[in-house]
Amino acid sequence: MNAAPLSTLTTDTAAPRTAIEPSILYFGTPVVLLSTENPDGSSNLAPISSAWALDRTVVLGLGRDGQTAQNLGSRPDLVINLPDPALWPAVERLAPLTGRNPVPATKAQGCRYEPDKFTAAGLHSAPSHTVRPPRVAECPLQLEARAEQVRPDVSGDFVIVEAVVRKVHADPRIVVPGTDHIDPATWSPLIYNFRHYFGLGPELGHSYRTRTPVQTEQ
């Protein structure tokens, strides 16, 4: 029997629901690559999938024992790099790597130490303008920021970071010409959906607050 179409699944209020206990709750969140500064002045690069924005503040969720959390505790500068879907192989190359040596026992099995993550991922660094860590040259969106608050979450296993964005760099191809607006018709973030990588599908509609051109049906 074929599965029901997605449109039916999302609109059928009479359909039953099943109580489940998923191991993770990454229900379609953007992937970001965080570049931070190590104690010796070198750069660390780490992928995360817990990030959301409140105006110029970006809230990040990090593993407590990772090098990124360690770095931000004493060196608050960072760059929040947003890859597009084509960069998912580079993100996955970073996934099993850590900048901590020795590797913390809390890291997933198969995780290994790598001091030069840019090279390991096949990515290139670009100098930042307002912070010390470099940007990821391949990422269409790069947010230079400073961690203004770093604190443990309620479980004690993670760290919550509130970072204030200082400068935004964007590929001109994803900017509405003559404006400071990102064009949602040309920009597609890399989405982490229950540990699988996705891009965006076709536009479904728009908010009444949008300031960018509205896509019309052909």
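Look up a bit, the structure's there.
A brief structural summary. It should be emphasised that the depicted structure is a prediction, and the values quoted were computed from it without experimental measurement.

Procedures and definitions
- Residues numbered from 1 in each chain as written.
- Predicted model: local features only at pLDDT ≥ 70, side-chain atom pairs only at ≥ 80, totals over all residues.
- Heavy atoms only, no water.
- Salt bridge = Lys/Arg side-chain N within 4 Å of Asp/Glu carboxyl O.
- Buried < 20%, exposed > 50% of the residue type's maximum accessible area, 1.4 Å probe, protein only.
- Pairing = 2+ DSSP bridges.
- Helix = DSSP H or I, 4+ residues; strand = E, 2+ residues; numbered from the N terminus.
- Axes fitted to C-alpha atoms, helices over the stretch in contact; angles between N-to-C directions.
- Contact = heavy atoms within 4.5 Å.
- Phe/Tyr/Trp six-rings, centres within 6.5 Å; stacked < 30°, edge-to-face > 60°.

**Let's talk about the pattern of salt bridges**
Next, step 1: Under the counting rule described, the total for this entry stands at 5 salt bridges.
Next, step 2: The residue Asp65 makes a salt bridge to Arg64 at a minimum N-O spacing of 3.2 Å.
Next, step 3: Judged by its relative accessible area of 37%, Arg64 is partly exposed.
Next, step 4: A salt bridge links Arg173 to Asp171; its shortest N-O distance comes to 2.7 Å.

**Some words on the sheet that holds strand E3 (residues 43–48)**
Next, step 1: Strand order in the open sheet made by the 7 strands is E3-E2-E6-E11-E12-E5-E4, with antiparallel pairing throughout. Both edges of this open sheet fall to E3 and strand E4 (51–54), since each of them pairs with a single strand only. Here the average twist between neighbouring strands, direction ignored, is 30°.
Next, step 2: Judged from the 4 bridges that link them, E4 and strand E5 (residues 57–63) form a sheet pairing that is antiparallel. By the bridge assignment for E5, Ala51 is matched with Leu60.
Next, step 3: Along the sheet, helix H2 (residues 67–74) contacts strand E2 (32–37), E3, E5, strand E6 (77–82), strand E11 (141–152) and strand E12 (158–170); its crossing angle with E2, the most-contacted strand, is approximately 50°.

**A few points about the pairing of E2**
Next, step 1: The element E2 is extensively covered by neighbouring structure, given that 6 of its 6 residues are classed as buried.
Next, step 2: On E2, burial covers both faces: Val32, Leu34 and Thr36 on one face and Leu33, Ser35 and Glu37 on the other are all buried.
Next, step 3: Strand direction decides the pairing type here: E2 and E3, joined by 6 bridges, are antiparallel. From the neighbouring strand, Thr36 faces E3, where its bridge partner is Asn44.
Next, step 4: Where E2 folds back onto E3 in an antiparallel hairpin, the turn is made up of 5 residues, including Gly41, whose phi is positive at roughly 90°.
Next, step 5: Judged from the 3 bridges that link them, E2 and E6 form a sheet pairing that is antiparallel. Of the residues in E6, the one forming a bridge with Leu33 is Asn81.

**Considering H2**
Next, step 1: Looking at H2, one finds that the buried residues are Gln67, Thr68, Ala69, Asn71 and Leu72.
Next, step 2: The secondary structure elements touched by the buried residues of H2 are E2, E3, E5, E6, E11 and E12.

**Looking at the pairing of E11**
Next, step 1: Of the strand pairs in this sheet, E6 and E11 are connected by 6 bridges, and their pairing is antiparallel. Within E11, the residue paired with Asp77 across the bridge is Arg146.
Next, step 2: The pairing of E11 with E12 spans 11 bridges and is classified as antiparallel. For Gln149, the partnering residue across the bridge sits in E12 and is Glu162.

**A closer look at the packing of aromatic side chains**
One pair of aromatic rings is described through two measures. These are the centre distance and the angle between the planes.
Next, step 1: Inspection of every chain in the model, using the stated rule, returns 3 aromatic pairs.
Next, step 2: Measuring from centroid to centroid gives 5.5 Å for Tyr26 and Tyr192, while their planes differ by 55°, and the two rings are tilted. Taken together, the positions of Tyr26 in the loop between helix H1 (6–11) and strand E1 (27–30) and Tyr192 in strand E13 (residues 191–193) put the pair 166 residues apart, joining distant regions of the chain.
Next, step 3: The class of Tyr26 is partly exposed, set by a relative accessible area of 25%.
Next, step 4: Measuring from centroid to centroid gives 5.5 Å for Tyr192 and Tyr197, while their planes differ by 45°, and the two rings are tilted.
Next, step 5: Tyr192 sits in the buried class, given a relative accessible area of 17%.
Next, step 6: Relative accessible area serves as the criterion here: at 22%, Tyr197 is assigned to the partly exposed category.
Next, step 7: Through pairs of rings, three or more aromatic residues link up here, namely Tyr26, Trp88, Tyr192 and Tyr197.

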